[in-house]
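Chain by chain, the residues:
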Amino acid sequence: MGRLVVVSNRIADPRKTAAGGLAVALGEVLNNTGGLWFGWSGKVVDDAESDDVHVQHAGPVKLATVDLSKADYDEFYLGYSNGVLWPVFHYRLDLADFDAGYIAGYRRVNQLFARKLMPLLEPDDVIWVHDYHLIPLAAELRALGCKQRIGFFLHIPLPPPLLLAAIPGHDWLIRALFAYDLVGFQSNADLDHFSRYVETEAHAQPVEDGRWRAFGRTVQAGAFPIGIDVAEFMQLTAAPEAVEMYERMKDEYSRRKLLVGVDRLDYSKGLPQRMRAFREFLERNPELRSSATLIQIASPSREDVSAYSDLLHELESLCGSINGNFGELDWMPVRYIHRTVARARLPGLYRASRVALVTPLRDGMNLVAKEFVTAQDPEDPGVLVLSRFAGAAEQLREALLVNPYDREGTAAAIGLALHMPLEERRSRHGAMMKTIRRFDVHWWCESFLEALRQAQPEEKGTSWLRL
Ligand code: GDG
């Protein structure tokens, strides 16, 4: 295979553990092919300074970044990506801010990326673009004459056609996907939404092998559920920092069962709903009070987006009132931590917990679910309570699946999870581990790149794009 070029909004140094499994997996292919990773530096600068490409080397891998101007940051990042696409793609039309100016900034930054990336490309490169910030990137690259194979992977869900159609310019967005050779989604549900959208809104015709023809072009589309690096996560679980964390938690909570939630503080993760379900559980089970503690890590995220500060206050107030109403002198039902926990310690926290509450209202996949299961002791594993609206629910059928909007149902599942007999816990865990191992992040990376290699590229002219 030619050199791999990864393009994503933010990049990571694949040599650093803190970067996580995705960076490690992509880093492996980038290393093997002497590849390039291109993205935003994370810096916002004055307009005048914003034109350079910064290049660094991480072993054989080249890391290239550009800065954004304040207007780009406001319109592309805060405005269109996180103020329109993130909420709508997570089914939250109520939180979307369809300011007409944002789309121009979104397009401008995609053009900037294309212009800056183009001179760095080599003829045999295979380009893999990631996520909702960069949907029109291939179209912009094609407009500059890029002929290389380009694949796109959407890490977040794709909503049903009628929700997608609420975005002014939705037809432009989906049309832009046809500039790729391969488009990958997290789940069959997302793929189904794509095919229904292109059939109904773009009058696309299905061609054999998951290919769709519209706008005079053909694109291949498929579901490639992302996984974790199981081997790496198991090593992390056995490493001293995680073991120390495990022992500390076991010691500190020796008389109690732990429930754990680990999420970015994001409204898609269903945190207030989860707290209300836990409160319901405490109300219904007075005899179990003081025997279970929920540790909720909510790592800070996108604090400059206003919907997030509302969420922060709601969550703080819910946790405060649960502790105020149910707490005892020697027991607090909820430990809420609004900080990032070191990655090396997370597996210890997971392993010390009897139950994980992974209850997003909507999620592309949710890797925490897979990490929790992987960190368990197979002889005495914990139980995963998983939202049916996480992409992971398509794969992890042996979790306790819940509807996070159903407070009573989720509260009942918490009770079941805390009381599940050892045999049942083992058998559910074993079945989930099989799936998680088989569809790990290496499978994801290889199967996507193999499908991209197999995709039948066409001469993708640009006139049809009408961008
Ligand atoms: C997007 C999609 C999709 C969380 N808190 C801490 C921490 N984390 C780590 C977890 C996990 C990762 O962050 C979160 O991954 P998720 O998959 O759960 O969710 P998103 O961040 O929303 O990711 C999602 C994913 O992309 C991949 O395609 O699955 O659906 O929304 O690895 O462990 N890590 C550390 N401290 C924390 O406090 N170190």
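Residues numbered from 1 in each chain as written. Predicted model: local features only at pLDDT ≥ 70, side-chain atom pairs only at ≥ 80, totals over all residues. Heavy atoms only, no water.

### Remarks on the site of the ligand
To be explicit about the condition: In these notes, residues near a molecule or strand are those with any non-hydrogen atom within 4 Å of it. Throughout this description, a polar contact denotes any pair of N or O atoms lying within 3.5 Å of each other; where both atoms belong to protein, one of them has to be capable of donating a hydrogen while the other can accept it, and for residues adjacent in sequence the pair is counted only when both atoms sit in side chains. Residue-level accessible areas treat just the shown protein chains as cover; the underlying method is Shrake-Rupley with a 1.4 Å probe. Secondary structure elements are defined from DSSP: runs of H or I of at least 4 residues count as helices, runs of E of at least 2 residues count as strands, and each element is numbered from the N terminus. Only Asp, Glu, Lys and Arg are considered charged in this grouping, and only Ala, Val, Leu, Ile, Met, Phe, Trp, Tyr, Cys and Pro are considered nonpolar; every other residue, Gly among them, is considered polar. Segmentation of the chain into domains, including their bounds, is taken from an automatic or database domain assignment.
In the vicinity of the ligand lie 23 residues, with His155, Val341, Asp363, Leu367 and Glu371 positioned nearest. Contact between the ligand and Asp363: an oxygen atom at 2.5 Å from a side-chain N or O atom of the residue. Take Leu367: an N or O atom from its main chain is 2.8 Å from an oxygen atom of the ligand. In isolation the ligand has 730 Å² of accessible area, and contact with the protein removes 84% of it. Those elements that place two or more of their residues in the shell around the ligand are β11 (257-264), β12 (292-299), α12 (346-351) and α13 (367-375). For the shell around the ligand, the class distribution of residues is 11 nonpolar, 6 polar and 6 charged. Counting residues domain by domain, the shell around the ligand receives three or more from each of domain 1 (4-227 + 443-454) and domain 2 (230-437).

### Side note on the packing of helix α10 (residues 271-284) against helix α14 (residues 407-419)
Formally: A fitted line through C-alpha atoms serves as each axis, taken over the contacting stretch for helices, and the angle formed by two N-to-C directions is quoted from 0 to 180°. Oblique is the label for any angle not covered by the other classes, which are roughly parallel (under 35 degrees), roughly antiparallel (over 145) and roughly perpendicular (65 to 115). Left-handed describes a crossing whose near helix is turned anticlockwise from the far helix by less than a right angle; the clockwise case is right-handed. Residues are treated as being in contact if the distance between any of their heavy atoms lies within 4.5 Å.
Look at α10 against α14: their axes get within 8 Å of each other, and the N-to-C directions meet at 65°. Comparing the axis directions of α10 and α14 gives the class roughly perpendicular. Every pair of crossing elements has a handedness; the one defined by α10 and α14 is right-handed. Taken together, the residues of α14 that come into contact with α10 (itself represented by Arg276, Ala277, Phe278, Glu280, Phe281 and Arg284) are Arg407, Glu408, Thr410, Ala411, Ile414, Gly415 and Leu418. When grouped by side-chain class, the residues that make up the contact of α10 with α14 number 6 nonpolar, 2 polar and 5 charged.

### Points about the environment of Phe113
Counting through the fold element by element, Phe113 comes out in helix α3 (residues 102-117). Here the alpha-carbon distance between Phe113 and Gly39, two residues 74 residues apart in the chain, equals 7.7 Å. Beyond its immediate chain neighbours, meaning those up to four positions away, Phe113 contacts Val7, Ser8, Phe38, Gly39, Trp40, Val66, Leu134 and Leu137.

### So, the sheet that holds strand β7 (residues 182-185)
Spelled out, the test is: Strand pairing is defined by DSSP finding a minimum of two bridges between the two strands.
Pairing is mixed in the open sheet, where 10 strands are placed in the order β3-β4-β2-β1-β5-β6-β7-β10-β9-β8. The two strands at the open ends of the sheet, each matched to only one other strand, are β3 (53-58) and β8 (205-207). Looking at each pair of strands side by side, their axes are set apart by 25° on average, direction ignored. Bridge count between strand β6 (residues 149-153) and β7: 3 bridges; the pairing is parallel. By the bridge assignment, Phe153 is partnered in β7 with Gly184. On the sheet, helix α2 (residues 70-89) packs against β1 (4-10), β2 (36-45) and β4 (61-69) and is oriented at approximately 100° with respect to β4.

### Points about the packing of α10 against helix α11 (residues 306-326)
Interaxial distance between α10 and α11 falls to 9 Å at its minimum, and their mutual angle equals 10°. Between α10 and α11, the crossing angle belongs to the class labelled roughly parallel. Facing α10, whose interface residues are Leu271, Pro272, Met275, Arg276, Arg279, Leu282 and Glu283, α11 presents Leu311, Glu314, Leu315, Leu318, Cys319, Ser321, Ile322 and Phe326. Considered class by class, the residues forming the contact of α10 with α11 number 10 nonpolar, 1 polar and 4 charged.

### Overview of the sheet that holds strand β16 (residues 400-402)
If you trace the 6 strands from one edge of the open sheet to the other, you get β13-β12-β11-β14-β15-β16, paired in parallel fashion. Strands at the two margins of the open sheet, each flanked by one partner only, are β13 (334-337) and β16. Ignoring which end each strand starts from, the neighbouring axes of this sheet average 20° apart. Pairing between β12 and β13: 4 bridges, direction parallel. When the sheet's bridge partners are listed, Leu294 is paired in β13 with Val334. In the packing of α13 onto the sheet, the strands contacted are β11, β14 (355-358) and β15 (383-387), and the crossing angle to β15 comes to about 170°.

### Brief notes about the pairing of β15
Under the convention used in this document: For the exposure calls, accessible area comes from a 1.4 Å probe over protein chains only, and a residue counts as buried if that area is under 20% of its type's maximum, exposed if over 50%, partly exposed in between.
Counted residue by residue, β15 has 5 buried out of 5 residues, so it is predominantly covered. The alternating pattern of β15 places Val383, Val385 and Ser387 and Leu384 and Leu386 on opposite faces, both of which are buried. In the sheet, β14 pairs with β15 via 4 bridges, with the strands oriented parallel. Within β15, the position partnered with Val355 by the bridge is Val383.

### So, the domain arrangement of the protein chain
The accessible area lost on association of the parts is a frequent measure of interface size. The criterion, for reference: Reported buried area values correspond to the accessible surface (1.4 Å probe) lost by two parts on association, with both partners' losses combined. Any Lys or Arg side-chain nitrogen found within 4 Å of a carboxyl oxygen on Asp or Glu counts as a salt bridge.
Along its sequence, the protein chain is organised into domain 1 (4-227 + 443-454) and domain 2 (230-437). For domain 1 versus domain 2, the separation of C-alpha centres amounts to 31 Å. Listed as interface residues are 27 residues of domain 1 and, on the opposing side, 21 residues of domain 2. Of the roughly 1800 Å² buried between domain 1 and domain 2, counting both surfaces, carbon and sulfur atoms make up 59%. Arg362 serves as the salt-bridge partner of Asp190, at 3.5 Å between the closest nitrogen and oxygen. Here domain 1 is connected to domain 2 by 5 residue pairs in polar contact (both at pLDDT 80 or more).

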